[in-house]
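Examining the three-dimensional arrangement
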Amino acid sequence: MPSTSTSSASPGPYAGWTRERLVERLMQLEGTSQPSVESRSKPPTQESSDKAFDFSKHSKRKIALKFCYSGWEYGGLAFQLGPTPLPTVENVLFDVLAKTRLVDPEAGFEGCGWEKCGRTDRGVSAAGQVVSLWVRSAFPSEDEELHKVQEDVAGSVSAEAIEKTEDDGLPGLDDEFGSLEVSEEPSSNTSVRKRDIREHDYLAMINRLLPATIRVIAWSPVPTSFSARFSCKYRHYKYFFSSLYLDIPAMQAAAARLVGEHDFRNLCKLDAQKQITSFRRKITRATVEPLDGEDGGNGEMYVFDLVGSAFLYHQVRHIMAVLFLVGSGLEPPHVVTELMNVEEGAEPLHPEDVSNGLTKYAIVDRKPEYQMADALPLMLWECGYDESELDWRTSSGSDETGGEIVRGDLYHQLQSIHTRSRVFSALERHFMKAAEKHHPPPPLLFPLKHGLKDLEALKDRPERERYMNIPLGGGTFKRNLKYVPLLERKRLDTVEVMNERWRLGKGMRKEERRRVEQEDDSNE
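So, a few notes on the structure that sits alongside this text.

Rules used throughout
Residues numbered from 1 in each chain as written. Predicted model: local features only at pLDDT ≥ 70, side-chain atom pairs only at ≥ 80, totals over all residues. Heavy atoms only, no water. Helix = DSSP H or I, 4+ residues; strand = E, 2+ residues; numbered from the N terminus. Buried < 20%, exposed > 50% of the residue type's maximum accessible area, 1.4 Å probe, protein only. Contact = heavy atoms within 4.5 Å. Areas by Shrake-Rupley, 256 points an atom, 1.4 Å probe, with all protein chains shown as cover. Patch = residues over 30% accessible without salt bridge, like charges linked within 9 Å, V, L, I, M, F, W, Y side chains within 5 Å. Salt bridge = Lys/Arg side-chain N within 4 Å of Asp/Glu carboxyl O. Pairing = 2+ DSSP bridges. Phe/Tyr/Trp six-rings, centres within 6.5 Å; stacked < 30°, edge-to-face > 60°. Lys NZ or Arg CZ within 6 Å of the ring centre and 35° of its normal. Axes fitted to C-alpha atoms, helices over the stretch in contact; angles between N-to-C directions. Parallel < 35°, antiparallel > 145°, perpendicular 65-115°, else oblique. Left-handed = near helix turned anticlockwise from the far one by under 90°. Nonpolar A, V, L, I, M, F, W, Y, C, P; charged D, E, K, R; others polar. Arc of directions from axis to C-beta. Core = buried A, V, L, I, M, F, W, Y, C linked by side-chain atoms within 4.5 Å. 1 Å grid on protein atoms, 1.4 Å probe; cavity = no way out; pocket = protein on both sides within 12 Å on 5 of 7 lines; lining within 4 Å. Points joined across faces, edges and corners; volume = space filled by probe spheres on them.

Right, let's talk about the overall build of the chain for a bit. Of the regular secondary structure elements, the chain holds 16 helices and 11 strands. Scored against the burial criterion, the 524 residues of the chain give a buried share of 36%. Within the chain, counting contacts between residues at least 6 apart in sequence, those at least 24 apart form 71% of the total. Here the chain displays about 31600 Å² of accessible surface, and carbon together with sulfur accounts for 52% of that area.

Right, here's the structure in full:
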């Protein structure tokens, strides 16, 4: 039998205990005995050793982490102070960083300079989310490194001076200062020293404790001035959907109108607490493109790609809801332009609208009431940065050729999850096929070929055949018997009115509570 090398387990907290003490301890844990004086002198537990960890004795460096997460498992990205129905991504990630002693849990998010690129809400996923923060490093700090380099320089100077004295019998001051000048540049000493020290394997340390629904895919050293939020040049979102019962060319024409700088107050959720007064955002790309493969007779899968420098609250999901209405034939493509026409002349007439007989756009200074699209299909795909500031890495080591160690375990984990999801998709598709034998598909209603005129032609049908399943994404829909066009619906108050009402209500009460707390702190 071939010999196998095994590593001995580290001694536990009961190493060296006598049999009698072990029996007594076992009885104590079972609640049948009180601990003796001897048993109370057990070795320190892991918990006490954690408290003894002194972060001030370790150097730090600023890095960026790129990670992905399954949004349906979490109550959003952002850290929350109080209890939440579902954990948040930041809470889970920070807890793991604290357990690995990469950040100080007592100092919290502020203590490590935590900054995120883009906030995602409950149910929204990300493939390329980025945070920047300070973490514990295996490399010595700059001050410590400089001190070591100065010691090396002083040692080399003394040795050379002694050599000169032995050779010439003279101190050799010129040579001594010359050697100081040569050794003044610390880069060679520093590089040699750092090559001897391997940085912590951040990916392995973090992913080992993270759940499978969150995975750090790369890290990068960054300059101290780098900010995951403010250094970001663009954000790229993807929204996946089936083309079933949708007019894709109409959706593509509507999406193209988003490109450029526009006022999106009618295509986002208005939150008076944020006190936003400017809703102009620049979109650099808005396309609807097919994905690979068919979806088993359930419509081809498409993706809506939206790229911009910054986005408003729930902006992507509101835009997608309007695109679904256009794709269903319930709204014309130019409704997107009208929703951005918040004042006279804000949006110039498109040539195709002129050719269709349109002479002016409606002015929509207040948001009509409508439901935003489902969160499940939405993903933050990429956060764009100046690549000269980043050097993405997947490990801290290198192979024999000097290249970075190639890791396949993370890819295989994600591949396994994807393979399993495809199995679920195949099962669901066959459930549908089995049902088709007894429940034939209903009459085709969407997309409407002639807009709302087609609904008028359905008046003579039974009521059950006139119900519309208006798509909201992710397999969800709103079931309506009648449809009211967007521009004819009830509208919310203007942004100015909503902001003022909040300032005089909740905002004033919040400010009063803050003032009282500050007074109490000063009295103490």
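Now that the structure has been shown, the text picks up again.
Residues Val423, Phe424, Leu427 and Phe431 make up a contiguous nonpolar surface patch of roughly 400 Å² in combined accessible area. Take Phe431: it is sitting in helix 13 (residues 409-436). Since its relative accessible area comes to 54%, Phe431 is described here as exposed.

What the rule picks out here adds up to 14 salt bridges. Of the charged contacts in the structure, one is a salt bridge between Glu352 and Arg257, with a shortest N-O distance of 3.7 Å. On the criterion of sequence distance, the pair formed by Glu352 in helix 12 (residues 351-355) and Arg257 in the loop between helix 9 (248-256) and strand 6 (260-263) is long-range, its members being 95 residues apart. Look at Arg257 and you get buried, because its relative accessible area is 5%. The shortest N-O distance in the salt bridge between Arg265 and Asp263 comes to 3.0 Å. The pair Arg265 / Asp263 is uniform in exposure class, with both members buried.

Our focus in this paragraph is the pairing of strand 11 (residues 476-480). Pairing analysis gives five bridges linking strand 10 (residues 468-473) to strand 11, with the strands arranged antiparallel. Note on strand 11: the bridge partner recorded for Pro471 is Phe477. Here strand 10 hands over to strand 11 after two residues, with Gly474 in that stretch at a positive phi of 65°.

Of the consecutive residues Phe446 and Pro447, the connecting peptide bond is found in the cis state with omega at 0°. One can find Pro447 in the loop between helix 13 and helix 14 (453-456). One non-glycine residue, Arg101, lies in positive phi territory at about 60°. When you line up the elements, Arg101 lands in the loop between helix 3 (89-99) and helix 4 (108-111). Even without glycine at this site, His314 takes up a positive phi of about 60°. In this structure, His314 sits in the loop between strand 8 (301-308) and helix 10 (315-327). Note on His314: relative accessible area 11%, which makes it buried.

For helix 3, the tally of buried residues reaches eight of 11 residues, placing the bulk of the element in the interior. Residues Val89, Glu90, Val92, Leu93, Phe94, Val96, Leu97 and Ala98 constitute the buried set of helix 3. Looking at the buried positions of helix 3, the neighbouring elements they touch are strand 1 (60-69), helix 4, strand 2 (115-116), strand 3 (125-136), helix 8 (202-207) and strand 4 (214-221). Just downstream of helix 3, Arg101 is the residue with a positive phi angle, here 60°.

Let us now look at the packing of aromatic side chains. Under the defined criterion, the tally for this structure stands at 12 aromatic pairs. With centroids separated by 5.1 Å and ring planes inclined at 85°, the aromatic side chains of Tyr237 and Phe311 adopt a geometry described as edge-to-face. Taken together, the positions of Tyr237 in strand 5 (residues 234-242) and Phe311 in the loop between strand 8 and helix 10 put the pair 74 residues apart, joining distant regions of the chain. As far as the burial class goes, Tyr237 and Phe311 line up, both buried. Here the guanidinium or amino end of Lys274 rests over the ring plane of Tyr313, the centre of that ring lying 5.1 Å away.

With that settled, consider the packing of helix 9 against helix 10. Remark: helix 9 packs on helix 10, axes separated minimally by 8 Å, with the N-to-C direction vectors making an angle of 140°. In terms of orientation, helix 9 and helix 10 fall into the oblique class. Note on packing geometry: the crossing formed by helix 9 with helix 10 is right-handed. Mapping the contact onto sequence places Ala250, Met251, Ala254 and Ala255 in helix 9 and Met320, Leu323, Phe324, Val326 and Gly327 in helix 10. Grouping the constituent residues of the contact of helix 9 with helix 10 by class yields eight nonpolar, one polar and no charged.

We now examine helix 9. At 3.6 residues per turn, the α-helix brings residues three or four places apart onto the same side. Taken together, the buried positions of helix 9 are occupied by Ile248, Ala250, Met251, Ala254 and Ala255. Axial view of helix 9: buried residues confined to an arc of 155°, hence all on one face. In this fold, the buried residues of helix 9 make contact with strand 5, strand 7 (280-290), strand 8, helix 10 and helix 11 (335-340).

In terms of nonpolar packing, the biggest core is built from 97 residues, with Leu133, Phe241, Leu258 and Phe304 touching the most fellow members. The element that contributes the greatest number of residues to this core is helix 10, accounting for nine residues.

Moving on: the layout of surface pockets. There is about 1000 Å³ of room inside the second largest pocket. Together, 31 residues line the second largest pocket, and Lys116, Cys117, Gly118, Arg119 and Phe311 are the ones closest to its centre. When contributions to the lining of the second largest pocket are tallied by element, the ones reaching two or more residues are strand 2, strand 5 and helix 10. Among the elements that line the lining of the second largest pocket, the one with the most residues is helix 10, at three residues. Counted by class, the lining of the second largest pocket contains 15 nonpolar, five polar and 11 charged residues.

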